Amino acid sequence: VQTCAPPIYGVRGIPASALINPEGEVVWFGHPSSLSGSKVKAALKGAKKAGKGGFLSMNLQSEYGGKLKKAAESAADGDLGKALATVRGFLADEAFAEKEQAEALETEITAYVGLLQSQADSFLENREVLTALSIYEALSDSLKGHAEADASKTAIEKIESDDQLQDELKAAELLVKANAEIARRGKKKAAKKFESIVKKYPNTKAGEKAEKFLDSL
């Protein structure tokens, strides 16, 4: 996840989509309405099946067997809190024979949590509040009862108590609806929703995007 995605992928207006293969190469770019199922299928050829937990699902760098297999499966399914609880339970057991592997798995999980937290922080700094909040909330929920959830909880509280961030959030939610309107009714008929965002939230990130969309008509 990159906050600088637009310049990297050549985005000049919205909506725009980039299709990236498992090697990180951009294999298609254009308006989402022109993206076909065959193009997606071709780009995903050879990719591992996504875990049930969406972006929380881990692609573990090592294989973990024995008693750690279930913890590894939990991590792959995006249940990071459950995975950590299982691993730390084994680490607390002095008789557990696979401590080196357990420590490696714990390190992988906490590093991934740190990566997601860092990405969310970058989104928040870039005023992409809706995206940041979705990551913070997912981490906070998945890691309930673990110290690793504290940073996300603090960030959520900050968003909830900051009037400017709340405006960014509300504007972003309206922008999602406005973009959905394009798919239903076309650009020109959806323009009023974009105009409303610019008028109500002119100094927000979403307001800037809405204004760029209107300028492109």
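Heads up: the structure comes first, above all this text.
Residues numbered from 1 in each chain as written. Predicted model: local features only at pLDDT ≥ 70, side-chain atom pairs only at ≥ 80, totals over all residues. Heavy atoms only, no water.

1. Here's the deal with the pattern of salt bridges
By the definition in use, this model includes 8 salt bridges. Put simply, Glu106 and Arg88 hold a salt bridge, and the shortest N to O gap is 2.8 Å. Of the two residues, Glu106 is situated in helix α5 (residues 99-125) and Arg88 in helix α4 (residues 80-91); the sequence distance between them amounts to 18 residues. Between Glu181 and Arg184 there is a salt bridge, with the nearest N and O atoms lying 2.5 Å from each other. Within this pair, Glu181 and its partner Arg184 are both found in helix α8 (residues 163-185), separated by 3 residues, close to a single helical turn. Since its relative accessible area comes to 7%, Glu181 is described here as buried. Judged by relative accessible area, Arg184 falls into the exposed class, the value being 59%. Through salt bridges with shared partners, one network takes in Arg88, Glu106 and Glu148. (Salt bridge = Lys/Arg side-chain N within 4 Å of Asp/Glu carboxyl O. Helix = DSSP H or I, 4+ residues; strand = E, 2+ residues; numbered from the N terminus. Buried < 20%, exposed > 50% of the residue type's maximum accessible area, 1.4 Å probe, protein only.)

Function cannot be read off these values alone, since they describe shape.
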